[in-house]
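The chain contents come next:
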Amino acid sequence: MAQWIGWIITLIIYISPAWGIQICPRSSATFVQMMGYKALDKILKNLDEFENRTISECHDLCVINDRCVSFFADNVRNQCFLVNTTSANLVSQSLEKHSNWSFHRKVCPPSGCEAADVQFELLSGSLLVTNAFKVTRDLDPHRCLELCKNEPSCLSVNIDYKKGACSFSNHNLRTSGADQTMEANPYFNYFEKICLPVTNRCTTDWAFERVKGKELVGMPFDKVLVDASSREECEAACLEYQAFPCRSAEYNYQMNECRLSPYNRFSSEDKRVRLESSASLVDYLENNCAKGPRGFCSWKIVKQNRMVQQDRIFLTDSIVKCQEECLQNPNFICRSFNYDPISRTCSLSHHSRRSVSGTGLMKSPSSIVYEVSTCFDVSIECEPNVMRAKVISNTLFQGKLYARERPSSCFVDVSNSMEFSIPIGLKGDDCGTVVENEGTFANILVIQSNDHVMTAFDKAVGVRCTYEVGNITGETILHINEMNKTDHKRNSPTLPDLSLHILDQEGSEKDVVSLGELLRVQVRMSDEDTYGIFVRNLIAKDKTGSNNLTLIDHHGCPIEAKLMREVRTLDHQKALESEFEAFSFTGSSSLELEAEVETCLDRCRPVQCRLASGRSEDDDFEVVVSYGRRRRSAGSYGEALDTRFLSKSVTITAPRFSLNGATEKLSAQRKNLIVKKPIITKSSDEIEDIHEETNDLEDSLMAQLLPYQTDQRTGFLCFEPSALTTISGATLLIQVVFLTVAIYMGLRIGREKSSREGNFFNVY
């Protein structure tokens, strides 16, 4: 009963707003069919009845009757009932299910809509099950939508991304209300033509992505209510809103309520920010016209995967070109791209792992997914006494914005904001602004997501203001120089039987490392047969000791899971190891690790740690065993016999902007450059984000991508296809040789046995 009532309410909501007001010209009228529905018998008595008529004949009767808006057909008795404009609302409230009946709703193409106001609404991972009047292949989605937009009878498009096919239909979901005709399919997108007469017109392929039955939760900000009597009016209100950039809206069909938000599901990396099923009839509407920052971007890399839904595909030998096309794409907001170095194929997608379904990301040995993570646009306003740097982010930013040389006296703290700024004084020592030449002032601005440490996700941007008579100009420049290498102390182990080591992924000892480099920290001992070890209170410090960060707590569990993982035993050893990404404290180029190491008889007891899974998109927490794998053999763990403190220092080099001695050279080389964008580069984890100089990027990336090497972190071995083919062929050849030898030996033994049996019968 509840389900039956739900169907009726849904049909009323979707159908009634358009009922009785669409009178189509006869030549343009089309019909949408809903199987298994009829009106109540008492309502049918008030409708025009026709006996012995097929559905086709009923269709023609409704077309020639200008007042007919729909009809019911009894497919067994060959009856039909025409519904006119005066009884349409009565019928819309009396639909019931009946297997022998069908309901046919007259649909008019959008009329009275200027060509520039025709837009599309996207439902990802869905298709409308309907008969297409035209199917095309080998066209990209942009071309498919252009064809539908220019065809008056086209009301919707199904795009099959697996087959590369576009199906054009004169039916749509919006006017039929037939939810049962929609199917979920990760290989399809459904686009519906809508009319949005607004002054702030959208030029992208689709104006909004609609997610049915969902609303945005987890944002600590209220949504703004505006007047709107339909979903389209709500979308138009979002496009026209001036108080803030409207990035998403929600429409409540029961309350006729429209809620606008300056955020969408991509505005925060907090997993609590998500789309959640609504208790009422609410649709989430994501504005595809609201372009965000694309200046200084970080990237996350997911190896051996590809996005199923690819909105644009082209060939290129350059990953840099693929990245630039994603960031500058005008037809949709590109949030990721696939690059296959074997086929040299670049595929752009509006999806990321945050929006794609579980089956929308597929394993692909030779493909790599690059996701846009955090992007910043930086602009400079040159005022009489200060340079005012304004930063716009595509996600909520929480951290610190400061002048690199004066992090303590020239900074602002930022808390959950997408727009923030800092005034940088031109004179005085507070901000360390340098006078390059007469009338030109320069500084280095650091955007840092952690109040205490700098990681590879952070940005260093050079800013400059030039004051001339009658003319003031400002610019931002990203320039990469190595840090000045400073002396660092090398601490010897306090006791000869324990030592702390920092190594790269190849196992080489490191004294100088790059910011964001994936490293291994090891604790070794000289007598593994007798003793075991356990690490707690692992702390990172700068060279002055004024800043510190706890990486492993006193229980032995990681605190900063994104910086350091749990500690494990080395294979067949009791030595301990963990991985961490190199970082530096604000204003320091030296990093010191200090650990408290316990020595136990035989082995120390490990601990179970509950960690926030920062490297997983699906689970909120993961439970890990830290500081040794738990053995299944019987026996107790030894008590701690001794505790010692070990430390190790390394120098951190990072992308830096130098004004001392390099400014004039930089100005000459980059005279006409206003903004220099960072580029993607390869790192040693599955998800990474490191910035390199543009000129060095392409060669290094291609050299690293082909051929694939052993994954040092996971132990998986990857082969390029030619190597795999050679190994498979060799294996097959060996199997054939063994099989041939086995058959030969079997036949030989059989002949010898037969010979012996023959001799036996001859004897007897």
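An account of the accompanying structure is given in this report. These numbers were taken from a predicted model, which means no experiment stands behind them. (Residues numbered from 1 in each chain as written. Predicted model: local features only at pLDDT ≥ 70, side-chain atom pairs only at ≥ 80, totals over all residues. Heavy atoms only, no water.)

Glancing now at the sheet that holds strand β38 (residues 590-601). On the basis of which strands lie adjacent, the open sheet formed by five strands has the order β31-β41-β38-β33-β34 and mixed pairing. Only two strands of the sheet have a single neighbouring strand rather than two, namely β31 (512-514) and β34 (548-552). With direction set aside, neighbouring strand axes in the sheet form an average angle of 35°. Across three bridges, the pairing between β31 and strand β41 (residues 640-653) is parallel. Paired with Ser514 across the two strands is Thr653, which belongs to β41. (Pairing = 2+ DSSP bridges. Helix = DSSP H or I, 4+ residues; strand = E, 2+ residues; numbered from the N terminus. Axes fitted to C-alpha atoms, helices over the stretch in contact; angles between N-to-C directions.)

Turning our attention to empty space enclosed by the protein. Summary: where empty space remains is shown by rolling a probe the size of a single water molecule over the atoms. Tallying each qualifying case throughout the model produces seven cavities of 30 Å³ or more. Mapped by element, the contributors of at least two residues to the lining of the largest cavity are β32 (518-525), β33 (531-541) and β36 (576-581). Broken down by element, the lining of the largest cavity gets its largest block of residues, three residues, from β36. Its residues assigned to classes, the lining of the largest cavity comprises nine nonpolar, one polar and one charged. The space that makes up the second largest cavity amounts to roughly 50 Å³. Its residues assigned to classes, the lining of the second largest cavity comprises two nonpolar, three polar and three charged. (1 Å grid on protein atoms, 1.4 Å probe; cavity = no way out; pocket = protein on both sides within 12 Å on 5 of 7 lines; lining within 4 Å. Points joined across faces, edges and corners; volume = space filled by probe spheres on them. Nonpolar A, V, L, I, M, F, W, Y, C, P; charged D, E, K, R; others polar.)

Bringing unusual backbone geometry into the picture now. Not every positive phi belongs to a glycine, and Asn52 is a case in point at roughly 55°. One can find Asn52 in the loop between β2 (48-50) and α3 (55-64). Given a relative accessible area of 65%, Asn52 falls into the exposed group. Despite not being glycine, Asn256 has its phi angle at roughly 50°, a positive value. (Buried < 20%, exposed > 50% of the residue type's maximum accessible area, 1.4 Å probe, protein only.)

Before going further, it helps to examine the environment of Cys80. Among the secondary structure elements, Cys80 is positioned in strand β4 (residues 79-84). Judged by its relative accessible area of 0%, Cys80 falls in the buried class. As for Cys80 and Leu47, which are separated by 33 residues in sequence, their C-alpha atoms are 9.4 Å apart.

These figures capture arrangement, not role.
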